[in-house]
Amino acid sequence: MVASNSAVVLIVEDEPLIRFNILDVLEDVGHVALEAANADEALVVLKGRQDVDILFTDVNMAGSMDGIQLAKRVRAMRPNIGIIITSGMVRLDPMALPANTAFLPKPYMHDTLISTIDSLMA
């Protein structure tokens, strides 16, 4: 599968193997993938890069805030950024999410992640 639009995606995942796997998958289809192990690192990346199109974050992770809190902070900072929230522990109602936000329950297929990124970029 090839991405229909190239995006800059910030992956926020505290599990290194999962993060590296997603990074490889996204780069293989033509996206620019950035990484952060937690919300604090993600905010540093976002302050240094204005070109991030998509935030892809896990809900449960160590640090000062979880993925939902991070998503709310990023939405306030950058209203136009696409946000994908994922979790294997909690289920979020997609209808309760703000505009330009998607929820992917774990485990998800890589094709589903790529098509979700494409839909948020459209």
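Computed from a predicted model, the values in this text were never measured in an experiment. (Residues numbered from 1 in each chain as written. Predicted model: local features only at pLDDT ≥ 70, side-chain atom pairs only at ≥ 80, totals over all residues. Heavy atoms only, no water.)

Next up on the list: the sheet that holds strand E2 (residues 32–36). Spatially, five strands are ordered E2-E1-E3-E4-E5 in an open sheet, and the strand pairing comes out parallel. In the strand order of this sheet, the two ends are held by E2 and strand E5 (101–105), each with one partner. Direction aside, neighbouring strands of the sheet carry axes that sit 20° apart on average. Taken together, the five bridges between strand E1 (residues 8–12) and E2 define a ladder with parallel strand orientation. Of the residues in E2, the one forming a bridge with Val 9 is Ala 33. (Pairing = 2+ DSSP bridges. Helix = DSSP H or I, 4+ residues; strand = E, 2+ residues; numbered from the N terminus. Axes fitted to C-alpha atoms, helices over the stretch in contact; angles between N-to-C directions.)

Here we come to the UniProt feature "modified residue: 4-aspartylphosphate" (unreviewed entry) in the protein chain. Within the UniProt annotation, "modified residue: 4-aspartylphosphate" (unreviewed entry) is assigned to Asp 58. Inspection of the secondary structure puts Asp 58 in strand E3 (residues 54–58). When its relative accessible area of 7% is taken as the criterion, Asp 58 is described as buried. Discounting chain neighbours no more than four positions away, the residues touching Asp 58 are Val 12, Glu 13, Asp 14, Gly 67, Thr 86, Ser 87 and Lys 106. (UniProt positions renumbered as here; feature names shortened; annotations may be inferred. Buried < 20%, exposed > 50% of the residue type's maximum accessible area, 1.4 Å probe, protein only. Contact = heavy atoms within 4.5 Å.)

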